[in-house]
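Structural overview
One-letter residues, chain by chain:
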Amino acid sequence: MTTVQQTFPVPPQVLWHALPAGVAAIGGKQPFYDGPRGFATCRTGMSFLSWGQHVNVTVSPVNGGSTLTIMTVLKLGVFDWGEGKRLARRYAAAVAYAAGTAALT
């Protein structure tokens, strides 16, 4: 399990509307968005090096902006060898670009 959290200087609604860009950036499948709770989820497919990951995302308000929390969990296996962190960072970068801002980490 890998968790990456980043803060953005935009309202949660702006960040929420940019989440599909993150799903597209990681090749996410079967996305589900729960707007009232600020939660989204998708999964990545299998590849030569991975069985895939479950990706869970939450958007929450903070002073002057919002926080994006991305948690990745292996579908099968014990070690992800950094794949989860790479997916989370790619997701956050795509969301930041779509929201018209840069992450403040």
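Up top is the structure these notes are about.
As a starting point, this report considers the structure included with it. Predicted model, so just to flag it, every value in this text is computed and none were measured.

Once that is clear, we can look at the overall build of the chain. Scanning the chain for helices and strands turns up two helices and five strands. N-terminal to C-terminal, the α/β element order of the chain is β-α-β-β-β-β-α. Against the globule reference of 13 Å for 105 residues, the chain gives a C-alpha radius of gyration of 13 Å, in line with a compact fold. If one aligns the C-alpha atoms of the chain with their principal axes, the spans along those axes are about 40 × 25 × 20 Å. When the 105 residues of the chain are sorted by exposure, 41% land in the buried category. In the chain, once contacts between residues fewer than 6 apart in sequence are set aside, the share between residues at least 24 apart is 53%.

Next up on the list: the nonpolar core. Of all hydrophobic cores here, the largest spans 23 residues; its most connected members are Leu15, Leu19, Val57, Leu68, Ile70, Tyr91 and Val95. Put simply, the parts of the chain that give this core at least two residues each are β1 (2-8), α1 (12-25), β3 (39-43), β4 (53-62), β5 (65-74) and α2 (83-99). The element that contributes the greatest number of residues to this core is α2, accounting for seven residues.

Read from one edge of the open sheet, five strands run β1-β5-β4-β3-β2, paired in antiparallel fashion. Bordering the open sheet on either side are β1 and β2 (29-34), each of which pairs with just one other strand. Averaged over all adjacent pairs, the angle separating strand axes in this sheet is 15°, with direction ignored. Judged from the seven bridges that link them, β1 and β5 form a sheet pairing that is antiparallel. Residue pairing across strands places Thr2 opposite Thr72, the latter belonging to β5. Where α1 meets the sheet, it contacts β1, β2, β3, β4 and β5, and its direction lies at approximately 165° from that of β4.

The subject of this paragraph is the packing of α1 against α2. As a packed pair, α1 and α2 sit with axes 7 Å apart at the nearest point and diverge in direction by 130°. With respect to α2, the element α1 is oriented oblique. Considering only the axes of α1 and α2, their crossing is right-handed. Only Arg90, Tyr91, Ala94, Val95, Ala98 and Ala99 of α2 make contact with α1, whose side of the interface consists of Val14, Leu15, Ala18, Leu19, Ala21, Gly22, Val23 and Ala25. Here the contact of α1 with α2 is built from residues that sort into 12 nonpolar, one polar and one charged.

Analysis parameters
Within each chain, residues carry numbers counting from 1 in the order of the written sequence. Totals for whole chains, interfaces and linings use all residues, but because this is a predicted model, local features are given only for residues with pLDDT of at least 70 and pairs of side-chain atoms are given and counted only at 80 or more. Calculated side-chain values reflect all of the structure's heavy atoms, with hydrogen atoms and water omitted. We count a stretch as a helix when DSSP gives it H or I for four or more residues in a row; a strand needs E for two or more, and each element gets its number in order from the N terminus. Computation of the radius of gyration draws on C-alpha atoms alone. For the globule rule, the value is 2.2 Å times the number of residues to the power 0.38. Relative accessible area decides the class of each residue, using a 1.4 Å probe on protein chains only: under 20% of the type maximum gives buried, over 50% gives exposed, and in between gives partly exposed. Pairs of residues are marked as contacts when any of their non-hydrogen atoms sit within 4.5 Å. The criterion is simple. A nonpolar core is a set of buried Ala, Val, Leu, Ile, Met, Phe, Trp, Tyr and Cys residues joined through side-chain atoms within 4.5 Å. If DSSP finds at least two bridges between two strands, the strands pair. Each axis is a line fitted through C-alpha atoms, taken for helices only over the stretch in contact, and angles between the N-to-C directions span 0 to 180 degrees. For classification, angles of less than 35 degrees are called roughly parallel, those exceeding 145 degrees roughly antiparallel, those between 65 and 115 degrees roughly perpendicular, and all remaining angles oblique. Should the near helix be turned counterclockwise from the far one by less than a right angle, the crossing is left-handed, whereas a clockwise turn marks it as right-handed. Classification used: nonpolar for Ala, Val, Leu, Ile, Met, Phe, Trp, Tyr, Cys and Pro, charged for Asp, Glu, Lys and Arg, polar for all others including Gly.

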